[in-house]
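Now for the letters of each chain:
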Amino acid sequence: MSKISKSKIKDFMFLILTALTAFSIILLVSGIFLVLLKESLPAINKFGFKGFVFSTEWDPVREIFGAAPALIGTLITASLALLLAVPVSIGIAIFITEIAPPFLKTPVGTAIELLAAIPSIIYGMWGLFTLAPIMSKYIEPFFQSTIGKIPIVGKIFEGTPLGVDLFTASVILSIMIIPFTASIARDSFNLTPSVLKESAYAIGATKWEVVKDIVLPYSKIGVLGGVGLSLGRALGETMAVAFVLGNLNQIPDSLLDAAATVTVKLANEFTEADKDIYLSALYYLALLLFVMSFAILALAKTFIVKAERR
Amino acid sequence: MKRRKIVSSIALFISCLTALWGIFWLFFIIFDVLRHGISAINFDLFFKDPAPPGQPGGGLRNAFVGHILITLCATLIGVPIGILGGTFLAEYGRKYKISKFISNLADIMVSIPAIIVGAFIYSVIVKPLGHFSGWAGGVALGIIMIPTVLRTTENMLSLIPWTLREAAFALGAPYYKVIIQIVYRGASTGILTGVILAIARVTGEAAPLLFTAFNNAFFSINMNEPMASLTVTIFQYAMGPYEEWHTQAWGASFMITVFILFTTILGRILIRRRYKF
């Protein structure tokens, strides 16, 4: 009798222990949100939402803070990175699932996933010392002399190609987020029933037609989820961008301008914030970033779950 | 007919090129770090503390030791919580909806900007204590570790067949004993892999350490003080004006990259051997 109840008590204690640790995830996420909210309250009260998000001023001396340049910097780098990375990622997923011979599938897949294992600080280091000089010497002048000559579109490549700018940051970001879309897209492609593909082949479709008309439409929700995941990553990436963006608080005119993102601003100014309202404004930025990336990642996750359930 | 075939081969060719594009960057970055880093590796880098700014010589002993201590602290926090939490999701709580919710939330948390965690810890630990500390850095990295470990543990436990548990139940074993002695044993390689990959990920983090552990130009093993770490030192040195600093930053980058590539590949080999994917 006593032995049974003893083991029951132990079992219950273990249950409680594991349950508490599992629920700590909920506690952490809500805790992070509440703490960020609490710390940013002074700035929220002082500037409001519109007054903060649409203001371009960032003046610690006069204690006026606006988030527009940082938010725009974040949006430009993230969307340009997405634009560069998504086609490549989907191409890689097609290569791994449909084209590569079996002995190449694993090594190529691993190599692409290793891109995600390289820490962002290494990307930043490499970006500053290796990629930025290459960009300023060869790639940016090339874009200036080609696309830059087209009247209206050319404006985005105006300015001196220094290498420390939005364009370089976006290129680095795009390399970093390739593996996220690629691996999710690969998994979704693999979920396509082979009966569908075989039927298409049977009526004479080429491999590309099978991919374009059968695999891609079937797995588009999953791929969309992968894109969302990449976007969430790109929004929150700090160190890789901090090296090559220059933390300049202005709304950029061209891709060759230095700029700031929310993360870069946080990384550079957080420990320098000497006034409470300054720190609070930085927390407000962090809160906006948290809400944005959480919303996008949650949406991406629902897409991925939906794709898996089919 | 012919046109369709041509279009198909062009599209497939482009797809091959994208794979090459990805692999190209991987090797470019790795070789670049190796090329710059290997010449910076010497005895002094590991066993000497930094020289005053601008002067030649010195090393990064303080950063190496600090980095190991902070990572160790993070592992001690993140691994137990992650494994136990994953156990709940895969065992006791597997029938509840809330478990699915927690596991999705953990998946989201894996991708939450790391710098946010730093800001969070700054508010709950650094500000009340009034100073930066190695502990704060360890806790920040520990928090980043939890969801990764939790998710792999959950997945690995789910792979253990139910018949195995039922056999143990039939012998009269209580659930906790079944988990600890049967399920954990069966899933140990998988869990270990999860832990290794989580450590690898956390080793490269710089953003959450910027305003928790901060930095320290002197050797210190007191976790209650600001503590140097390799990643923050790389950031500071790379952005600094001295050639000597840049070389040392490459040396530190080299060590981190080699460590992370090694552990990541080791983790993959372990898991492939065990589960034969």
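Please read these numbers as outputs of a predicted model, since none were measured by experiment. (Residues numbered from 1 in each chain as written. Chains lettered and ligands numbered in written order. Predicted model: local features only at pLDDT ≥ 70, side-chain atom pairs only at ≥ 80, totals over all residues.)

Peer 1: What is the right way to read the overall build of chain A from this model?
Peer 2: Scanning chain A for helices and strands turns up 12 helices and two strands. Secondary structure of chain A in N-to-C order comes out as α-α-β-β-α-α-α-α-α-α-α-α-α-α. The dimensions of chain A, computed from C-alpha atoms along their principal axes, are 70 × 65 × 35 Å. Here chain A, with 310 residues, has 49% of them falling under the buried criterion. Residue pairs in contact within chain A that sit at least 24 positions apart in sequence constitute 77% of those at least 6 positions apart. (Helix = DSSP H or I, 4+ residues; strand = E, 2+ residues; numbered from the N terminus. Buried ≥ 20, exposed ≤ 12 C-beta atoms within 10 Å, placed from the backbone. Contact = placed C-beta atoms within 7 Å.)

Peer 1: Explanation requested: the overall build of chain B in the structure shown.
Peer 2: Looking only at helices and strands, chain B has 11 helices and zero strands in total. Overall, chain B shows an N-to-C arrangement of helices and strands of α-α-α-α-α-α-α-α-α-α-α. Principal axes of the C-alpha set define a box for chain B whose edges measure 70 × 70 × 35 Å. By the burial criterion, 51% of the 277 residues in chain B qualify as buried. A separation threshold of at least 6 residues defines the contact pool for chain B, and within that pool the share at least 24 residues apart is 76%.

Peer 1: Please clarify how helix H8 (residues 207-218) of chain A should be interpreted in this entry.
Peer 2: Because the α-helix completes a turn every 3.6 residues, residues three or four places apart line up on one side. The end-to-end C-alpha distance of H8(A), which contains 12 residues, comes to 15 Å, matching closely the 16 Å that a straight helix rising 1.5 Å per residue would cover. Regarding H8(A), the residues found buried are A:Trp208, A:Val210, A:Val211 and A:Val215. Down the axis of H8(A), the buried side of the element spans an arc of 140°, and every buried residue falls inside it. Seen from the buried face of H8(A), the exposed residues on the opposite side, beyond 90 degrees, are A:Asp213 and A:Pro217. Contacts made by the buried residues of H8(A) are with helix H3 (68-99), helix H6 (166-190) and helix H7 (194-202) of chain A together with helix H1 (2-38) of chain B. (Expected span 1.5 Å × (residues − 1). Arc of directions from axis to C-beta.)

Peer 1: Would you take a moment to explain the environment of B:Thr153 for this structure?
Peer 2: Residues and elements named next belong to chain B. Tracing the sequence through the fold places Thr 153 in helix H6 (residues 134-158). Here the alpha-carbon distance between Thr 153 and Val 79, two residues 74 residues apart in the chain, equals 9.9 Å. If we ignore the near neighbours within four places in the chain, the residues touching Thr 153 are Gly 82, Ile 83, Gly 86, Thr 87, Ile 191 and Gly 194.

Peer 1: What is the right way to look at the nonpolar core in this model?
Peer 2: Grouped burial of nonpolar side chains is what soluble globular proteins tend to show. Core analysis: the biggest nonpolar cluster contains 191 residues, and A:Ile172, A:Leu285, A:Ala286 and B:Ile116 have the highest contact counts within it. By residue number, the principal contributor to this core is helix H12 (residues 276-309) of chain A, which donates 19 residues. Among the domains, domain 1 (1-38) and domain 2 (43-275) of chain B are the pair contributing at least three residues each to this core. Excluding its chain neighbours within four sequence positions, the residues that come into contact with A:Ala286 are A:Leu36, A:Leu266, B:Ile116 and B:Ala119. (Core = buried A, V, L, I, M, F, W, Y, C linked by C-beta atoms within 7 Å. Domains from an automatic or database assignment.)

Peer 1: Please clarify how the interface of chain A and chain B should be interpreted in this entry.
Peer 2: Contacts between the two partners involve 69 residues from chain A, matched on the other side by 71 residues from chain B. Per-element accounting of the side of chain A that touches chain B gives the leading share, 20 residues, to helix H1 (residues 2-47) of chain A. Looking at the side of chain A that touches chain B residue by residue, the classes come out as 47 nonpolar, 14 polar and eight charged. (Nonpolar A, V, L, I, M, F, W, Y, C, P; charged D, E, K, R; others polar.)

Peer 1: Looking at this model, I keep getting lost on the domain arrangement of chain B. Mind explaining?
Peer 2: Much of the literature gives interface size as the accessible area that the parts lose upon coming together. Residue and element names in this part refer to chain B. The domains assigned to chain B are domain 1 (1-38) and domain 2 (43-275). Computed over C-alpha atoms, the centres of domain 1 and domain 2 are 32 Å apart. Looking at side-chain class alone, the side of domain 1 that touches domain 2 contains four nonpolar, two polar and no charged residues.

Peer 1: Please explain helix H3 (residues 61-90) of chain B as it appears in this structure.
Peer 2: Look at H3(B): 42 Å from first C-alpha to last across 30 residues, which is about the 44 Å you get at 1.5 Å a residue. The buried fraction of H3(B) amounts to 23 of the 30 residues, a majority that puts the element mostly inside the structure.

Peer 1: Would you take a moment to explain the packing of helix H5 (residues 120-146) of chain A against H6(A) for this structure?
Peer 2: The relative placement of two packed helices is expressed as an angle between their axes plus a distance between the axes. Residue and element names in this part refer to chain A. Where H5 meets H6, the closest approach of the two axes is 9 Å, and the angle between their N-to-C directions is 130°. In this view, H5 runs oblique relative to H6, as classed from their interaxial angle. Handedness of the crossing formed by H5 with H6: right-handed. Counted together, Ser 120, Tyr 123, Gly 127, Leu 131, Ala 132, Met 135 and Glu 140 of H5 and Phe 167, Thr 168, Ile 172 and Met 176 of H6 form the full contact between these two elements. Its residues placed into classes, the contact of H5 with H6 shows seven nonpolar, three polar and one charged. (Axes fitted to C-alpha atoms, helices over the stretch in contact; angles between N-to-C directions. Parallel < 35°, antiparallel > 145°, perpendicular 65-115°, else oblique. Left-handed = near helix turned anticlockwise from the far one by under 90°.)

Peer 1: Help me understand unusual backbone geometry, please; the structure alone is not making it clear to me.
Peer 2: Negative phi is the rule for most residues except glycine; trans is the rule for most peptide bonds. Backbone geometry places A:Asn247, a non-glycine residue, at a positive phi of 45°. With respect to the element layout, A:Asn247 can be found in the loop between helix H10 (239-245) and helix H11 (262-269). On the basis of neighbour count, A:Asn247 is assigned to the partly exposed category, with 17 C-beta atoms found within 10 Å. The phi dihedral of B:Phe214 is positive, around 55°, even though this residue is not glycine. Looking at where B:Phe214 falls in the secondary structure, it is placed in the loop between helix H9 (207-210) and helix H10 (230-239).

Peer 1: Can you help me understand the packing of helix H7 (residues 162-170) of chain B against helix H8 (residues 175-203) of chain B in this one?
Peer 2: Residue and element names in this part refer to chain B. Direction vectors running N to C along H7 and H8 enclose 155°, while the axes themselves pass 10 Å from each other. Here H7 is positioned roughly antiparallel relative to H8, judged by the angle of their axes. Seen along the crossing, H7 lies across H8 with a hand that is right-handed. Here Leu 164, Arg 165, Ala 168 and Phe 169 of H7 come into contact with H8, specifically with Val 178, Ile 182, Val 183 and Gly 186. Tallied by class, the residues present in the contact of H7 with H8 amount to six nonpolar, one polar and one charged.

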